[in-house]
Amino acid sequence: MDMATGRELVEKVVSLCKRRGFIFPSSEIYGGLGGFWDYGPLGVELKRNLKDAWWRDMVTGHDDTTAPAGLPSPYAMVGLDTTIIMHPQVWKASGHYDLFHDLLVDCRAEGCKARFRADQLASSRCPLKPSKTPGEHDACDLTEPREFNLMFKTYIGALVDPESESYLRPETAQGIFVNFKNVLATARVRLPFGIAQIGKSFRNEITPRYFTFRSREFEQMEIEFFCRPEESDAWYTFWRDRRFAWYVALGLDSDRLRLRDHGSDELSHYSCGTADIEYAFPFLPRGEFGELEGIAHRGDFDLRSHMEGKLIRDDQGLAVELDDRGRPRHSGSGKDLSYFDEETQERFIPHVIEPSAGADRAALAFLCEAYTEDNIPDEKGVPQPRVVLRLHPRLAPVKAAVLPLIRKEGLPEAAQELYRQLKAQWNVAYDEKGSIGRRYRRQDESGTPLCVTVDRETLAAGTVTVRDRDSTTQIRVSTKELTSYLAERLGCY
RNA sequence: GCGGGUAUAGCUCAAUGGUAGAGCACCGGCCUUCCAAGCCGGUAACGCGGGUUCGAUUCCCGCUACCCGCUCCA
């Protein structure tokens, strides 16, 4: 696909999202707000289905009695729902505070426009005159150091003062780490086990862009998987492959999806392995992929940080960062977060594998992947263009539509009766407005997998037609068997 | 943060210094027995704030949002 059609596709997807009520700009009647997006009536169903599928597949549907193929043991999986605002020290110990707070200096000089870290001016080079540091060259026009804050700051309590400063979480993961002991003490889990969480996170992205891809408020689906250090590489590989397969199983199966292992130069200072699941979003430049999920082998970095304090890498590996007086720059909780294995009588700090997914990015990828234009023959056999969202039935906002063929002869009443029946199990729609072809197309644009049409034969013989979204083929099904037929076609969802 | 572009109805577009039309969509009606039919009627817009002007959707300035290219991307 070249750039032009990529952009066309984006415009069509964005337009469809607005037209059908998937995604709206936040606060739109006030002019919108950059980096924030709302989900409309169909969008909220899509996103909920996505999160439900993740939760079902990762947590409640997990079999913790069977070892995955090739792995040393079964594992347990539990969920958690922690707060968006946490103790400010969490972010200092985790490293986010330092990482997300830079004092930056911009050069306003024409032809320069460079940005420097205020604490590194002396070791930086002026782009216009590399023999000098920023500010030394005559043309330099530096701003005062300005705080560059990637975390949203807020105040706890009604009184605004520095003592009450806190932050909206930039990731959900820390809520899991700080509850590690609680889960261990109460959930009857032993290593290896995972803790899953879905929730909102907030980052002051420098450049919100690409529709919902880089938003300032977004939702994450994260797992922190705790295991014995010597088994961590095997579990890392397991999670990397399993998470990739999850997207494929839900329909992200084109060559736009890829799994990419990070090179050693890309790894964070604590990570011994990271892979990204990436999608070639149509709005990205040709050949570029955007991250849907990162699977990181984080070693014992996180639990150690919350025990000892903020860690940095030194010659021996990770060490607590010290201040001028030799004290921890940011102290940890001081609590013991190690694990005691009763069988082996060993005490150690578990290693962590972190599959961290963006729910909004996944929703967007599924929308882009599902958007299809094809041609359907009309009654004269002439191909007519159609827009269809080929969403996986589990993700589709509406599972089926019940349609009376005409608005007469008792067909609406019969269709409504059927609609009420199916409602008990699925999110189904009822529509009697317009011609039958028009209504099929409407459902196609919303991604509804099946349409159930009530006609005279329904009244006479107790059968309906079920029309397939992707192939547009129809078969007759007895109303008695309709529920089980739909269950089979929809995968019980 | 820098530069460029764009902003008119739900969507896609048009016209205009004298407050705006169309197609599609949507709603009501007629018709209609399976893939965007037709007919009648209807709802609905100049992103926000200033300025110039008798009068601004139109010209100018600022803001906001989106798009493109940089910068940034833990």
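Note: the structure precedes this text.
What counts and how
- All residue numbers refer to position in the chain's written sequence, counted from 1.
- For this description, chains carry letters from A and ligands carry numbers from 1, given in the order in which they are written.
- Two thresholds apply to this predicted model, a pLDDT of at least 70 for residue-level local features and 80 or more for giving and counting side-chain atom pairs, whereas whole-chain, interface and lining totals are computed over all residues.
- Values shown for side chains rest on all heavy atoms present in the structure; no hydrogens or waters enter the calculation.
- Secondary structure follows DSSP: runs of H or I at least 4 residues long count as helices, runs of E at least 2 residues long count as strands, and numbering of each begins at the N terminus.
- Relative accessible area decides the class of each residue, using a 1.4 Å probe on protein chains only: under 20% of the type maximum gives buried, over 50% gives exposed, and in between gives partly exposed.
- Counted as a polar contact is a pair of N or O atoms within 3.5 Å, where, for protein atoms, one must be capable of donating a hydrogen and the other of accepting one, and residues adjacent in sequence contribute only when both atoms are in side chains.
- Definition of nearness: a residue and a molecule or strand are near each other if at least one heavy atom of the residue lies within 4 Å of the molecule or strand.
- Any two strands with at least two DSSP-identified bridges between them are counted as paired.
- Axis geometry follows a simple rule: fit a line to the C-alpha atoms, using only the stretch in contact for helices, then measure angles between N-to-C directions, giving values from 0 to 180 degrees.
- A 1.4 Å probe that fits but cannot get out identifies a cavity on a 1 Å grid over protein atoms alone, an open set with protein on both sides within 12 Å along at least five of seven lines counts as a pocket, and a residue lines either if it has an atom within 4 Å of a point.
- Grid points are joined across faces, edges and corners, and a volume is the space filled by probe spheres set on the points.
- Polar here means any residue outside two lists: the nonpolar Ala, Val, Leu, Ile, Met, Phe, Trp, Tyr, Cys and Pro, and the charged Asp, Glu, Lys and Arg; Gly therefore counts as polar.
- Working definition of a nonpolar core: buried Ala, Val, Leu, Ile, Met, Phe, Trp, Tyr and Cys residues. They are joined through side-chain atoms within 4.5 Å.
- In this analysis, two residues are considered to be in contact whenever any of their non-hydrogen atoms come within 4.5 Å of each other.
- Salt bridge, as applied in this entry: a Lys or Arg side-chain nitrogen positioned within 4 Å of an Asp or Glu carboxyl oxygen.

Draft legend 1. Region of interest: the environment of Asn182. Note that Asn182 resides in helix α6 (residues 180–186). By relative accessible area, Asn182 is classed as partly exposed at 47%. For the pair Asn182 and Arg260, spaced 78 residues apart in sequence, the C-alpha to C-alpha distance is 34 Å. Among the polar contacts listed, one links the side chain of Asn182 to the side chain of Asn179, at a separation of 3.0 Å.

Draft legend 2. Representation of the protein's contact with RNA strand B in the model. Contacts to RNA strand B come from 49 residues, most closely from Leu99, Arg203, Ile206, Arg438 and Arg456. Counting only the atoms of RNA strand B within 4 Å of the protein, the fraction contributed by sugar and phosphate is 53%. Between Phe211 and RNA strand B, the recorded distance is 3.1 Å, taken from a backbone N or O atom to a phosphate oxygen. One of the side-chain nitrogen or oxygen atoms of Lys433 is found 3.3 Å away from a phosphate oxygen of RNA strand B. Residue assignment for the surface near RNA strand B shows that the elements contributing at least two residues are α1 (3–20), α4 (96–100), β19 (371–377), β20 (383–389), α11 (436–446) and β24 (463–468). Looking at the surface near RNA strand B element by element, the count peaks at six residues for α11.

Draft legend 3. View of the sheet that holds β24. Taken together, five strands build an open sheet; the order of strands is β22-β21-β23-β24-β25 and the sheet is mixed. Only two strands of the sheet have a single partner each, and these edge strands are β22 (428–430) and β25 (474–478). Adjacent strand axes in the sheet meet at a mean angle of 25° when their direction is disregarded.

Draft legend 4. Broad picture of unusual backbone geometry. Look at the link from Leu191 to Pro192: it is a cis peptide, with omega at -10°. Within the secondary structure, Pro192 is located in the loop between α6 and β9 (193–202). Even without a glycine there, the phi angle at Phe211 is positive, about 55°. Its identity as a non-glycine residue notwithstanding, Thr472 has a phi of 65°, on the positive side.

Draft legend 5. Representation of empty space enclosed by the protein within the structure. Within this structure, the stated rule accounts for one cavity of 30 Å³ or more. The calculated volume of the largest cavity comes to roughly 30 Å³. Taken together, Val10, Val13, Val14, Phe211, Phe283, Leu364 and Cys368 make up the lining of the largest cavity. In terms of residues, the lining of the largest cavity owes the most to one element, α1, which gives three residues. Counted by class, the lining of the largest cavity contains seven nonpolar, no polar and no charged residues.

Draft legend 6. Representation of the sheet that holds strand β12 (residues 273–279) in the model. Spatially, seven strands are ordered β3-β9-β10-β18-β13-β12-β11 in an open sheet, and the strand pairing comes out mixed. Edge strands, defined here as strands with exactly one partner in the open sheet, are β3 (76–79) and β11 (257–261). With direction set aside, neighbouring strand axes in the sheet form an average angle of 20°. Relative to strand β13 (residues 290–299), β12 runs antiparallel, the two being bridged by seven bridges. Within β13, the position partnered with Ile277 by the bridge is Glu293.

Draft legend 7. Inspection of the nonpolar core at higher detail. Counting 64 residues, the largest nonpolar core has Trp235, Trp239, Tyr247, Phe281, Leu292 and Phe366 as its most contacted members. In terms of residue count, helix α9 (residues 359–370) provides more of this core than any other element does, nine residues in total. Ignoring sequence-local partners within four residues, the contact set of Phe366 consists of Leu50, Tyr247, Leu250, Gly251, Leu252, Leu391 and Leu395.

Draft legend 8. Expanded view of the layout of surface pockets. Here the second largest pocket is characterised by a volume of approximately 610 Å³. Considering the residues around the second largest pocket, the lining is formed by 26 residues, among which Val189, Arg190, Leu191, Pro192 and Tyr339 are closest to the centre. Elements supplying a minimum of two residues to the lining of the second largest pocket: β3, α6 and β16 (339–341). Split by residue class, the lining of the second largest pocket holds 12 nonpolar, three polar and 11 charged.

Draft legend 9. Looking closely at helix α8 (residues 301–308). Among the eight residues in α8, seven count as buried, and that is most of the element. Turning to α8, its buried residues are Phe301, Asp302, Leu303, Arg304, Ser305, His306 and Met307. Just beyond α8, the residue with positive phi is Gly309, at close to 125°.

Draft legend 10. Highlighting the pattern of salt bridges. Under the defined criterion, the tally for this structure stands at 41 salt bridges. Taken together, the shared-partner salt bridges connect Asp374, Arg386, Arg390, Asp444, Arg467, Arg469 and Asp470 into one network.

Draft legend 11. Inspection of the pairing of β9 at higher detail. β9 sits mainly inside the fold: nine of its 10 residues count as buried. Here 10 bridges tie β9 to strand β10 (residues 217–227), and the two strands are oriented antiparallel to one another. Residue pairing in the sheet places Lys200 in a bridge with Glu219 of β10.

It is worth stressing that arrangement in space is one thing and function is another; only the former is reported here.
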